[in-house]
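Report on the structure
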Amino acid sequence: MKGRIKTFLLCLLVLLRVCGCGSPAMEVQSEAAGGAPGYEGLVYERSLELQYARNFTVDYYEGGYTMLTTTMDGTRLLVVPEGKKSPVREDGGEKVKVLYRPARDIYLVASSAMDMFCALDGIDAITFSGQREDGWYIEAAREAMQNGELLYAGKYNKPDYELIVSGHCTLAIENRMISHAPEVAEKLESFGIPVVTEYSSYEEHPLGRVEWIKFYGALLGKEEEAENIFKEQTAILDEVAAAGDPSMPEEAGKTVAFFFVTSGGMIQVRQSSDYVPKMIELAGGAYIFENLGDAQTKRSTVNMQAEEFYAGAKDADFLIYNSAIDGGVSDIGELLDKCPLLADFKAVHNGNVWCTTNDLYQQSLSIGYLIGDIHTMLQEGKGQMRYLYHLD
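Residues numbered from 1 in each chain as written. Predicted model: local features only at pLDDT ≥ 70, side-chain atom pairs only at ≥ 80, totals over all residues. Heavy atoms only, no water.

1. Observations concerning the sheet that holds strand S3 (residues 44-47)
If you walk across this open sheet you meet the five strands as S3-S4-S5-S6-S7, and the pairing is mixed. Two strands lie at the open edges of the sheet, namely S3 and strand S7 (97-100), each paired on one side alone. Taken pair by pair, the neighbouring strands of this sheet meet at an average axis angle of 25 degrees, ignoring direction. Of the pairings in the sheet, the one linking strand S6 (residues 75-80) to S7 comprises four bridges and is parallel in character. Residue pairing for S7: Leu77 is matched across the bridge by Lys97. (Pairing = 2+ DSSP bridges. Helix = DSSP H or I, 4+ residues; strand = E, 2+ residues; numbered from the N terminus. Axes fitted to C-alpha atoms, helices over the stretch in contact; angles between N-to-C directions.)

2. Some details on a negative patch on the surface
A cluster of acidic residues, Asp121, Asp124, Glu149, Glu224 and Glu225, forms a negative patch on the protein surface. Relative to the helices and strands, Glu224 is located in helix H8 (residues 223-243). (Patch = residues over 30% accessible without salt bridge, like charges linked within 9 Å, V, L, I, M, F, W, Y side chains within 5 Å. Areas by Shrake-Rupley, 256 points an atom, 1.4 Å probe, with all protein chains shown as cover. Salt bridge = Lys/Arg side-chain N within 4 Å of Asp/Glu carboxyl O. Lys, Arg positive; Asp, Glu negative; His and termini not counted. Charge placed at Lys NZ, Arg CZ, Asp CG, Glu CD.)

3. Concerning helix H7 (residues 213-220)
Burial analysis of H7 places eight of its eight residues in the buried class, which makes it a mostly covered element. Within H7, burial applies to Ile213, Lys214, Phe215, Tyr216, Gly217, Ala218, Leu219 and Leu220. Where H7 terminates, the next one or two residues include Gly221, which has phi positive at roughly 75 degrees. (Buried < 20%, exposed > 50% of the residue type's maximum accessible area, 1.4 Å probe, protein only.)

4. Some words on the environment of Ala110
In this fold, Ala110 is placed in the loop between strand S8 (106-108) and helix H2 (114-119). Ala110 gets classed as buried once you look at its relative accessible area, which sits at 2%. Expressed as a C-alpha distance, the spacing of Ala110 and Ile173, which sit 63 residues apart in the sequence, is 6.1 Å. In this structure Ala110 touches Ile173, Glu174, Asn175 and Glu198, once residues within four positions along its chain are discounted. (Contact = heavy atoms within 4.5 Å.)

5. Here's the deal with unusual backbone geometry
With an omega dihedral of 0 degrees, the bond running from Arg101 to Pro102 counts as a cis peptide bond. Locating Pro102 in the fold gives a position in the loop between S7 and S8. Of note, the phi angle at Asp121 is positive, near 55 degrees, even though the residue is not glycine. Residue class for Asp121 comes out exposed when judged on its relative accessible area of 60%. Although it is not a glycine, His168 sits at a positive phi angle of roughly 60 degrees. The topology assignment puts His168 in the loop between helix H4 (161-166) and strand S11 (171-174).

6. Focus: empty space enclosed by the protein
Across all of its chains, the model carries one cavity of 30 Å³ or more by this definition. In this model, the largest cavity occupies a volume close to 40 Å³. Together, Leu171, Ile173, Val196, Thr197, Glu198, Trp212, Phe215, Tyr216 and Leu219 line the largest cavity. At the level of secondary structure, the elements contributing two or more residues to the lining of the largest cavity comprise S11, strand S12 (195-197) and H7. Examining the composition of the lining of the largest cavity, we find that three residues originate from one element, H7, more than from any other. Its residues assigned to classes, the lining of the largest cavity comprises seven nonpolar, one polar and one charged. (1 Å grid on protein atoms, 1.4 Å probe; cavity = no way out; pocket = protein on both sides within 12 Å on 5 of 7 lines; lining within 4 Å. Points joined across faces, edges and corners; volume = space filled by probe spheres on them. Nonpolar A, V, L, I, M, F, W, Y, C, P; charged D, E, K, R; others polar.)

7. Focus on the sheet that holds S8
If you trace the five strands from one edge of the open sheet to the other, you get S10-S9-S8-S11-S12, paired in parallel fashion. For this open sheet the edge positions go to strand S10 (151-152) and S12, each flanked by a neighbour on one side alone.

8. Quick word on the layout of surface pockets
The calculated volume of the largest pocket comes to roughly 1400 Å³. Taken together, 43 residues line the largest pocket, and the ones lying closest to its centre are Ser111, Ser112, Asn175, Arg176 and Tyr361. Counting only elements with at least two residues in the lining of the largest pocket, the list comes to strand S14 (267-270), helix H9 (275-282) and helix H13 (367-378).

9. Points about the pattern of salt bridges
Per the counting criterion, the structure on display carries nine salt bridges. The partner of Lys214 in a salt bridge is Glu227, with the nearest N and O atoms 3.3 Å apart. One end of the pair, Lys214, is in helix H7; the other, Glu227, is in helix H8, and 13 residues separate them in sequence. Its relative accessible area of 26% is what places Glu227 among the partly exposed residues. Of the charged contacts in the structure, one is a salt bridge between Asp326 and Lys338, with a shortest N-O distance of 3.0 Å. Separated by 12 residues along the polypeptide, Asp326 in the loop between strand S17 (318-321) and helix H11 (332-338) and Lys338 in helix H11 bring together distant segments of the chain.

Okay, here's the thing in structure tokens:
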């Protein structure tokens, strides 16, 4: 009996949501000036200029309406100003998802976006987390969960639908893994909850990832703050570029291997087309593997046997150990315990071995700083670092 009552209440909540503030369709009429789609009931004003990002667009319409589009899958999200209605037609053509400001009660599964919400002072817009408290390296997220302001609502493939619906969730921001569980997105949307996938990891340029701060700035109505944050990151890249001295070619092109040792003894490295090799290049170095992997697969990593890694990377000038999965290592001895073959590497003999901090991959706004850190490393570690530390 209790189970039937629980199911009835959940269905009632869904019915009320769909009837009251669902996401009806909006008809695309024509292409507006500047290449942005035109919609019935909306008058195009302008589009946000993007420097590096290619996987989203932001278009502005009269009356304060904002259209966010993720170009990888064509999802469109209309952000409606506070106190206004959505100019939609129930019998429209192409569907557009709708979010009403102020943005609130968001279900955030894409953990890489949390750093951006925090930087924009927008963490209060998130109520539901796809990460447990002990999975967050971002202090503000941990504190919010400790205080009960941020609730664990399940992973991408097993959300707590009852909690999410009863908590009046207005938007689900998923990571790429949702493509493996399309039925979850369908069910969330059947409850009247728009679903948007975060595609920052598909950006070709490292700063394209950082530029997603503008996506969330437009969602929250904090475009100016987002622009200032982005400029801080691009300024670091400009400083690194200005620091290059063409009269000292011996300081340029030093080779770097970026890797991780799996629990099975395999070596995980980045594909040559990945953003990490691009960051090494922007910092003034050269990724040790020039043509590794298949860029068409969109995979970030490749696993290889330790002997294969030895053959390809033993003469690298620098080694960077990726701490993202196992939390990193504290010294050379600990690293050699994981892979004894590393003892013969040039970088180990020369004392040029570094490790990333384990919070790096939740710090989406770390890209500029990490490029600066790698540049400092290539200059023999002369300067303060944020996301790299030396292994003695």
